[in-house]
Amino acid sequence: MKNYLFLIALLALSSCQKNKIEVDSIVLNAKVYTVNDTFDSQEAFAVTDGKFVAVGSTEAITSKYTSKAIIDANHQTIVPGFIDAHCHFYGLGMNLQTVNLVGTKSFAEVLERVKGFQKENNVQYISGRGWDQNDWNVKEYPTKKELDSLFPNTPVALTRIDGHAMLCNQLALDLAGITVDTPANGGEILITDGALTGVLIDNPMEKVYATFPKPTKQKQIEALLDAQKYCTDLGLTTVSDAGLDRSVIELIDSLQQAGELQMRVYAMVSNTKSNLDYYLNKGVVKTSRLQVRSVKVYADGALGSRGATLKQPYSDQHNHYGNMVIGTSEFEALAKKIEAADYQMNTHAIGDSANRFVLNTYNKTLKNSTNKRWRVEHAQIITDNDFEYFKNENIIPSVQPTHATSDMYWAEDRLGPDRIRGAYAFKDLLDASGKIALGTDFPIEQVNPLLTFYAAVARKDTDNFPENGFQMENALSREETLKGMTIWAAYANFEELEKGSIEVGKLADFVILDSDIMTIPEQRIPSVKVVKTFINGIKQ
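First things first, this report covers the structure right here in the doc. (Residues numbered from 1 in each chain as written. Predicted model: local features only at pLDDT ≥ 70, side-chain atom pairs only at ≥ 80, totals over all residues. Heavy atoms only, no water.)

With that settled, consider the sheet that holds strand β2 (residues 25-28). The strand order across the open sheet formed by four strands is β6-β5-β2-β8, and the pairing between neighbours is mixed. Two strands lie at the open edges of the sheet, namely β6 (51-56) and β8 (70-72), each paired on one side alone. On average, each strand axis in the sheet is tilted by 15° relative to the strand beside it, whichever way the strands run. Across three bridges, β2 lies against strand β5 (residues 44-48) in antiparallel orientation. Its bridge partner being in β5, Ile-26 is matched across the sheet by Ala-46. (Pairing = 2+ DSSP bridges. Helix = DSSP H or I, 4+ residues; strand = E, 2+ residues; numbered from the N terminus. Axes fitted to C-alpha atoms, helices over the stretch in contact; angles between N-to-C directions.)

Two side chains carrying opposite charge are able to pair once their charged atoms lie near each other. Within the structure shown, the criterion is met by 31 salt bridges. Note that Glu-112 and Lys-115 form a salt bridge whose closest N and O atoms lie 2.8 Å from each other. Of this pair, Glu-112 and Lys-115 both sit in helix α4 (residues 107-121), three residues apart, roughly one helical turn. Overall, the relative accessible area of 34% leaves Lys-115 in the partly exposed class. The salt bridge involving Asp-384 is made with Lys-311; its shortest N-O contact spans 2.7 Å. A residue pair is termed long-range when its members are at least 10 positions apart, and Asp-384 in the loop between β22 (374-378) and β23 (395-399) and Lys-311 in the loop between β20 (290-298) and α11 (328-340) qualify at 73 residues. A relative accessible area of 55% places Asp-384 in the exposed class. Three or more residues are tied together by salt bridges with common partners; here these are Lys-311, Arg-356, Asp-384 and Asp-386. (Salt bridge = Lys/Arg side-chain N within 4 Å of Asp/Glu carboxyl O. Buried < 20%, exposed > 50% of the residue type's maximum accessible area, 1.4 Å probe, protein only.)

Strand order in the open sheet made by the six strands is β4-β3-β9-β25-β26-β27, with mixed pairing throughout. Edge positions in the open sheet fall to β4 (41-42) and β27 (538-539), since each of these has one partner strand only. Direction of pairing for strand β25 (residues 510-513) relative to strand β26 (residues 530-535): antiparallel, over a ladder of four bridges. What sits directly across from Val-511, in β26, is Thr-533.

Turning to the packing of aromatic side chains, a few remarks are in order. The relation between two aromatic rings is expressed through the spacing of the ring centres and the mutual angle of the planes. In total, this model carries 15 aromatic pairs according to the counting rule given. Each ring, one from Phe-52 and one from Phe-510, has its centre 6.1 Å from the other, and the planes form 45°; the classification is tilted. Here Phe-510 lies in strand β25 and Phe-52 lies in strand β6, a separation of 458 residues in the sequence. Accessibility classification places Phe-52 together with Phe-510 in one group, the buried group. Note on Phe-510 and Phe-534: the rings are 4.4 Å apart at their centroids and 10° apart in plane angle, and the pair reads as stacked. (Phe/Tyr/Trp six-rings, centres within 6.5 Å; stacked < 30°, edge-to-face > 60°.)

Let us look at helix α8 (residues 217-232). With 16 residues, α8 should cover 22 Å at 1.5 Å per step; its first-to-last C-alpha distance of 23 Å lies within 8% of that length. Burial in α8 covers these residues: Gln-220, Ile-221, Ala-223, Leu-224, Ala-227, Gln-228, Cys-231 and Thr-232. One side of α8 carries all its buried residues, which in axial view fall inside an arc of 160°. Structurally, α8 contributes buried residues whose contacts are with α3 (89-95), β17 (236-244), α9 (246-257) and β26. (Expected span 1.5 Å × (residues − 1). Arc of directions from axis to C-beta. Contact = heavy atoms within 4.5 Å.)

Attention now moves to helix α15 (residues 426-433). Taken together, the buried positions of α15 are Phe-426, Leu-429, Leu-430 and Ala-432. For α15, the buried positions fall inside an angular range of 165° around the axis, keeping them on one side. Along its buried surface, α15 packs onto β23, α13 (401-407), α17 (478-484) and α18 (487-492). Gly-434 sits one or two residues past α15 and shows a positive phi near 90°.

We now examine the pairing of strand β15 (residues 187-192). As judged from the five bridges shared by β15 and strand β16 (residues 195-202), these two strands associate in the antiparallel manner. Its bridge partner being in β16, Ile-191 is matched across the sheet by Leu-196. From the end of β15 to the start of β16, which pair antiparallel, there are two residues, and Asp-193 there has a positive phi angle of about 55°.

Interaxial distance between α8 and α9 falls to 11 Å at its minimum, and their mutual angle equals 65°. It follows that α8 is roughly perpendicular to α9 by the angle criterion. α9 is crossed by α8, and the crossing has right-handed handedness. Every residue of α9 that contacts α8 at Lys-217, Gln-220, Ile-221 and Leu-224 is listed here: Val-248, Leu-251, Ile-252 and Leu-255. Of the residues contributing to the contact of α8 with α9, the split by class is six nonpolar, one polar and one charged. (Parallel < 35°, antiparallel > 145°, perpendicular 65-115°, else oblique. Left-handed = near helix turned anticlockwise from the far one by under 90°. Nonpolar A, V, L, I, M, F, W, Y, C, P; charged D, E, K, R; others polar.)

What follows concerns the packing of α9 against helix α10 (residues 273-282). For the pair α9 and α10, the least separation of the axes is 10 Å and the interaxial angle reads 50°. One way to sum up the angle between α9 and α10 is to call them oblique. The residues of α10 that touch α9, namely those facing Arg-246, Ile-249 and Glu-250, are Asn-275, Tyr-278 and Tyr-279. Across the contact of α9 with α10, the residue classes break down as three nonpolar, one polar and two charged.

This paragraph deals with unusual backbone geometry. Here Phe-442 and Pro-443 are connected by a cis peptide whose omega angle stands at 10°. Positionally, Pro-443 belongs in the loop between β24 (437-438) and α16 (449-458). Of note, the amide linkage connecting Phe-465 to Pro-466 takes the cis form, showing an omega dihedral of -10°. Inspection of the secondary structure puts Pro-466 in the loop between α16 and α17. We note that Asn-371 has phi near 55°; this positive angle belongs to a residue other than glycine.

Below, the structure written as structure tokens:
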């Protein structure tokens, strides 16, 4: 009798298993923040063909689905794959091949890093990025004197962390044809006592970039793959690269098609004639991992280099307003051209004057349009009633929370006590627009999305400064921040129907974290680690 009952039980179990649906993988026993419309939490999900096919309780999923690949999350936290809404993915990879000057505390340290790099690599042209004079005891721009002495026969060009200023030695300036008489339209060539200092701001830098040795295709591939490893280790599954040339976009596409590059890329086309002639005529490019439908444009420079364009003079430099890097009539004509091609316009705007001009141009250009989702990248300083422009459903703010915590030490010196209240005003932007896309602008800032989360929520640096947070009235809630790094970032890319949340039918991009970022004490957020990153349900 006992044997008979046992046989019946086995048959029932076998029948039950046969009735279950076979899927590629099952994740169970997790704290899943779905980031769906109601911001539900669940425990498990099933994945097939790179998409979520079911989301629910562990019991519900295991009773209906079976798989040879079952992941027990052991009650760890799962969130949708992080999307960096504004970064320089290719630039990160290329920077990894040059002198890293991030975190230098003096110009002397900059020089030591350059000497060490050249001793090890012996390159024909030394380039690097990451210095920031605001982090030094002497907060003035350096000059080329030491570089001329150390490298009289090797050109050197060292870009400031924000990408809007550069220090060159004389040989680099000579190669670029830059003299004291060179026009500096849309920027500055700093001159002291009638001589070049070596410092260039904004547009004149392009003359130097044009003399850089062209990277080989193999170097470009290495850069992209290095950047991918760096980013997926930190939980990124989609990057919005803010400015790429056609050749790099096509290289990305070829690597993705070959299965070598898994990272999803939303490519903003750099604003050059050849790029626009090709893509605006071609139309939207969309594959399973790449989308091209936007143009990256620069309106002004950066606050740290005093290139951001302000309505009133800088508080720490008499009668200086910053620089527009594009002419107003040129910008307006470009906006019309992009709108006619049904492309998205994504404009870098830092200063309050630049933001006013960009927003007003957007508003006029899109007055008879719907669902354009044109973006103001950074939207860093907004004054007067200009937040009202973001109530236009065609306009989205795209911001980088770590810019606030990097700039907070000196930003008020540039802006004064009144204008600073409209700077890095993420909550005010969200209240006006209803959505806000969050990114990092890496490699200007660190890649780690958890630092983005922390900066948005706590508005502090990783040393817990300032004690009560920087302008906390503009902090975002944890829910708002997670949305900004997932579903709202996807919306800003016209991709909210395919990614950005853990829902049936969407791409199975997700991240397992070792702690619950929605509930732990905020001071612990920067130390949260990514356990695993999945793209299309496959561990990276």
